[in-house]
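Report on the structure
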Amino acid sequence: MMKEKAQILDAQGIQRALTRIAHEIIERNKGTENLVLIGIRRRGVPLANRLAEKIRQIEGTSVEVGILDITLYRDDLTTLAYHPVVHRTEINFPVKDKIIVLVDDVIYTGRTIRAALDALIDLGRPEVIQLAALIDRGHRELPIRADYIGKNVPTSRKEEVSVRLNETDGEEKVIILESIE
């Protein structure tokens, strides 16, 4: 059982973090030429769409957005479920020679990102892959770090960070959950 310990971000905080990340992406890449965003299924997808809209508002040009399903690339696949649910990867553009910004809600151990990198490389060879995460909670098990971070949130391994978005959860906030013992 888990209970809410603290709220990290409210709806306005999420919007501010995404606006800052959008500006950082544009600045680092000197605009939007050759830039695409790819959201990692589930909550990375609405975040990627929001970032694309913010970039369009700032730069006046649209960037393409893809959806990446990493289910079959996970190293914990057998522990997830007997018959894991696989969704479609929806990337309707070539990844070859693109500047790809992978988008996810929380970066924790780095294993999800490792799986996403494997899945992306199977689709082609991008010019560069960058990573944007709304929350970085630490505790890496792999040498992976985000290029763009909405908020760093030190946590214990007993805690869980829950990103709740209107598109997937019907509410807008980021909270820390702790186990009830």
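All of these numbers come straight from a predicted model, not from anything done at the bench.

Moving on to the overall build of the protein. Along its length, the protein carries 5 helices and 8 strands. Counting from the amino terminus, the protein carries its helices and strands in the arrangement β-α-β-α-β-α-β-α-β-β-β-α-β. The C-alpha atoms of the protein give 16 Å as radius of gyration, which agrees with the globular expectation for 181 residues (16 Å, within 12%). Along the longest, intermediate and shortest principal axes, the C-alpha atoms of the protein span 50 × 40 × 30 Å. Partitioning the contacts of the protein with sequence separation of at least 6, the portion at a separation of at least 24 is 71%. Surface accessibility of the protein: about 9,700 Å² in total, with carbon and sulfur atoms responsible for 47%. Across the protein, the 27 positively charged side chains and the 29 negatively charged ones have centroids separated by 2 Å.

Looking now at the sheet that holds strand S3 (residues 64-68). Read across the sheet, 5 strands follow the order S3-S2-S4-S5-S6 without closing on themselves; strand pairing throughout is parallel. The open sheet has two edge strands with one neighbour each: S3 and strand S6 (148-152). Mean inter-strand twist for the sheet, computed between neighbouring axes without regard to direction, equals 25°. Looking at chain direction, strand S2 (residues 35-40) and strand S4 (residues 99-107) are connected through 5 bridges and run parallel. In the sheet register, Ile-38 faces S4, and the bridge partner there is Leu-102. Together, S2, S3, S4 and strand S5 (128-136) form the strand contacts of helix H2 (residues 44-59), whose direction differs from that of S2 by roughly 155°.

Enumeration according to the criterion identifies 18 salt bridges in this entry. The residue Asp-118 makes a salt bridge to Arg-114 at a minimum N-O spacing of 2.4 Å. Taken together, the residues Asp-118 and Arg-114, both in helix H4 (residues 111-121) and 4 residues apart, mark about one turn of the helix. Its relative accessible area of 33% is what places Asp-118 among the partly exposed residues. With a relative accessible area of 22%, Arg-114 lands in the partly exposed category. Close ionic contact of Glu-171 with Arg-164 constitutes a salt bridge, the shortest N to O distance being 3.3 Å. Residue class for Glu-171 comes out partly exposed when judged on its relative accessible area of 30%. For Arg-164, a relative accessible area of 21% translates into the label partly exposed. Members of the salt-bridge network, linked through shared partners, are Glu-4, Arg-164, Glu-171 and Lys-173.

We now examine the pairing of S5. The buried fraction of S5 amounts to 7 of the 9 residues, a majority that puts the element mostly inside the structure. In this sheet, S5 lies alongside S4 in parallel orientation, the contact comprising 8 bridges. Paired with Ile-100 across the strands is Ile-129, a residue of S5. When S5 meets S6, the two strands line up parallel, connected through 4 bridges. In the sheet register, Ala-132 faces S6, and the bridge partner there is Tyr-148.

This part is about the UniProt feature "short sequence motif: PRPP-binding" (unreviewed entry) in the protein. Cross-referencing UniProt, the feature "short sequence motif: PRPP-binding" (unreviewed entry) maps to residues 100-112 in the present numbering. Span residues 100-112 is 15% helix and 62% strand, its end C-alpha atoms 16 Å apart.

Conventions used here
Residues numbered from 1 in each chain as written. Predicted model: local features only at pLDDT ≥ 70, side-chain atom pairs only at ≥ 80, totals over all residues. Heavy atoms only, no water. Helix = DSSP H or I, 4+ residues; strand = E, 2+ residues; numbered from the N terminus. Rg over C-alpha atoms; globule rule 2.2 N^0.38 Å. Contact = heavy atoms within 4.5 Å. Areas by Shrake-Rupley, 256 points an atom, 1.4 Å probe, with all protein chains shown as cover. Lys, Arg positive; Asp, Glu negative; His and termini not counted. Charge placed at Lys NZ, Arg CZ, Asp CG, Glu CD. Pairing = 2+ DSSP bridges. Axes fitted to C-alpha atoms, helices over the stretch in contact; angles between N-to-C directions. Salt bridge = Lys/Arg side-chain N within 4 Å of Asp/Glu carboxyl O. Buried < 20%, exposed > 50% of the residue type's maximum accessible area, 1.4 Å probe, protein only. UniProt positions renumbered as here; feature names shortened; annotations may be inferred.

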